[in-house]
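# Structure at a glance
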Amino acid sequence: MVKLNPKGDKCIIATGRAFYDAASISGYAFSEEVPILLVGDSRRLDDRTIDLINEAGFKEMIIVGSNIPINDAVYTQTNIKKSNIVRLAGYDHFDTSFAIAKWSLGESKSRVQPDKPFKYKNGIGFATAKTYPDALAAGPIQGSMQSPLVFIQDITKVKKQIKQFVEPHRNEIRNLYF
């Protein structure tokens, strides 16, 4: 059995079937040293993961992705109170990455909040979701700068996505990273 020695009281749950959601929150996970635990084909936590979460004493859980890759049953599989679980999700993995970025910037009304919210002044990273190498490399880099990573679709949709996310904070943002 693997033992976790967490620095905090949070854990992150993401699907192991696709990279998008885990990569989207990897910067936050890196910055705050929060472990990302992956859910497999069953869409539920396996017994080893449940034991690991309970033995580590996590008090808050962040689920990334909708209830399609991660079943709602996850809410009741551990000792973590349901009120201390937040799901960061959108219509698709692009919307989910925006939800994660907004949460990491402290713009969520959920009970579970980042310990040290990222700042717009630190910049925002954008990565294409067509392949995963850019996102895998960018996540920890963005996390080290306390800056969120957002997935963007193809070039024809980039302008609208960036404007939607950046425009309200354009006076605060120093850099955009692509």
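### As for the sheet that holds strand β2 (residues 36–39)
Through backbone hydrogen bonds, the strands of a sheet pair up, either in parallel or in antiparallel fashion. Taken together, the 4 strands give an open sheet; going across it, the order is β2-β1-β3-β4, and neighbouring strands pair in parallel fashion. Because the sheet does not close on itself, it has two edges, and the strands there are β2 and β4 (85–88). Along the sheet, successive strands turn relative to each other by an average axial angle of 25 degrees, direction set aside. Its contacts with the sheet put helix α1 (residues 20–32) on β1 (10–15), β2, β3 (60–64) and β4, and the angle it makes with β1 is roughly 160 degrees. In this fold helix α3 (residues 93–104) packs onto β3 and β4, with an angle of close to 135 degrees to the strand it touches most, β4.

### Focus on the nonpolar core
If you look at the biggest cluster of nonpolar residues, it comprises 27 residues, and the most contacted ones within it are I62 and F165. For this core, the elements supplying multiple residues, two or more each, are β1, α1, β3, β4, α3, β5 (124–128), β6 (149–152) and α5 (155–166). Residue contacts for I62: discarding those within four places in its chain leaves K10, C11, I12, I13, I25, Y28, V86, L88, W103 and V112.

### Points about helix α2 (residues 47–56)
Within α2, the full set of buried residues consists of T49, I50, L52 and I53. For α2, the arc enclosing every buried residue in end-on projection is 160 degrees, short of the 170-degree limit, so these residues lie on one face. For α2, exposure combined with an orientation more than 90 degrees from the buried face picks out D47, R48 and E55. Buried-residue contacts for α2 involve β1, β2 and β3.

About the thresholds
Residues numbered from 1 in each chain as written. Predicted model: local features only at pLDDT ≥ 70, side-chain atom pairs only at ≥ 80, totals over all residues. Heavy atoms only, no water. Pairing = 2+ DSSP bridges. Helix = DSSP H or I, 4+ residues; strand = E, 2+ residues; numbered from the N terminus. Axes fitted to C-alpha atoms, helices over the stretch in contact; angles between N-to-C directions. Contact = heavy atoms within 4.5 Å. Core = buried A, V, L, I, M, F, W, Y, C linked by side-chain atoms within 4.5 Å. Buried < 20%, exposed > 50% of the residue type's maximum accessible area, 1.4 Å probe, protein only. Arc of directions from axis to C-beta.

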